Amino acid sequence: MLSRWNPRQEFNALSDQLNRLFDEIAPTKTWEGFTRFPAAELTEADDAIHLKLEVPGLEAKDIDIQVTENAVSISGERKSETKTEEKGYTRSEFQYGKFQRVIPLPTHIQNTKVTAEYKDGILNLTLPKKEEAKNPVVKVNLEQAAH
């Protein structure tokens, strides 16, 4: 008998297996020490690069930002809350632990003039471009040689 291959059915079976695996591991294993990467959004304007990072659950003092002319390094640690429960079981998909991410920049910036704002779990960095990076293309006039 010939049967049709159904990729959706195989995907659902794989998804069920992964969920069962998570259920088996989560109560007994800790995920401390695993590196987490905050989501980033980079936009480039004429005079600056704007970098937005998603780092919820942290206080500003727990975030370390280092900037060079061509990269931004961000690191920190989201600490887990200690709870004592008499009965029951807790399943958490929150990510705790240390993280570090280095984001290369598309152009050189003035790293001494970077500004930062942290609000509602979103870190916004404004990275002013170096003067020479603002006008990277210059038109050169070529005079025709007289014959």
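Residues numbered from 1 in each chain as written. Predicted model: local features only at pLDDT ≥ 70, side-chain atom pairs only at ≥ 80, totals over all residues. Heavy atoms only, no water.

This part takes up the overall build of the protein chain. The helix and strand tally for the protein chain stands at 2 helices and 7 strands. Starting at the N terminus, the α and β elements of the protein chain follow one another as α-β-β-β-β-β-β-β-α. Taking all 147 residues of the protein chain together, the buried fraction comes to 21%. Considering only contacts in the protein chain between residues 6 or more positions apart, those separated by 24 or more positions represent 60%. For the protein chain, the computed accessible surface area is about 12200 Å², with 50% contributed by carbon and sulfur atoms. (Helix = DSSP H or I, 4+ residues; strand = E, 2+ residues; numbered from the N terminus. Buried < 20%, exposed > 50% of the residue type's maximum accessible area, 1.4 Å probe, protein only. Contact = heavy atoms within 4.5 Å. Areas by Shrake-Rupley, 256 points an atom, 1.4 Å probe, with all protein chains shown as cover.)

Tallying each qualifying case throughout the model produces 4 salt bridges. Across the pair E44 and K129 runs a salt bridge, and its minimum N-O distance is 2.7 Å. Here K129 lies in the loop between β7 (122–128) and α2 (131–134) and E44 lies in strand β1 (residues 40–44), a separation of 85 residues in the sequence. Relative accessible area serves as the criterion here: at 47%, E44 is assigned to the partly exposed category. (Salt bridge = Lys/Arg side-chain N within 4 Å of Asp/Glu carboxyl O.)

Membership of the largest hydrophobic core comes to 16 residues, with the highest contact counts inside it found for L51, V55, V72, I74, L123 and L127. For this core, the secondary structure elements donating two or more residues are β2 (48–54), β3 (63–67), β4 (71–78), β5 (97–104) and β7. Beyond its immediate sequence surroundings of up to four residues, V55 is in contact with P38, I63, I74, F99, Y118, G121 and L123. (Core = buried A, V, L, I, M, F, W, Y, C linked by side-chain atoms within 4.5 Å.)

A separate point is the sheet that holds β2. Taken in spatial order, the 4 strands line up as β1-β2-β7-β6 in an open sheet, and their pairing is antiparallel. The open sheet terminates on both sides in strands that have one partner only, identified here as β1 and β6 (115–119). Neighbouring strand axes in the sheet, compared pairwise and without regard to direction, differ in orientation by 15° on average. (Pairing = 2+ DSSP bridges. Axes fitted to C-alpha atoms, helices over the stretch in contact; angles between N-to-C directions.)

Let us now look at the side chain of K129. Overall, K129 belongs to the buried group, its relative accessible area being 5%. Polar side-chain contacts of K129 include one of 2.7 Å to the side chain of E44. Among the polar contacts made by the side chain of K129, one reaches the main-chain carbonyl oxygen of A45 at a distance of 2.8 Å. (Polar contact = N/O pair within 3.5 Å; in protein donor to acceptor, adjacent residues only side chain to side chain.)

Here 5 bridges tie β3 to β4, and the two strands are oriented antiparallel to one another. Bridging from a neighbouring strand, I65 pairs with I74 of β4. In sequence, β3 turns back onto β4 through a hairpin of 3 residues.

Before going further, it helps to examine the sheet that holds β3. Pairing in this open sheet of 3 strands is antiparallel, and the strands run β3-β4-β5 from one edge to the other. At either margin of the open sheet sits one strand with a lone partner, and together these are β3 and β5. Pairs of neighbouring strands in the sheet enclose a mean axial angle of 10°, with direction left out of account. Pairing between β4 and β5: 8 bridges, direction antiparallel. Its bridge partner lying in β5, S73 is registered against V102.

Glancing now at unusual backbone geometry. Residue D120 is not a glycine yet carries a positive backbone phi of 55°. Relative to the assigned elements, D120 resides in the loop between β6 and β7. Among the residues examined, D120 registers a relative accessible area of 72% and is labelled exposed.

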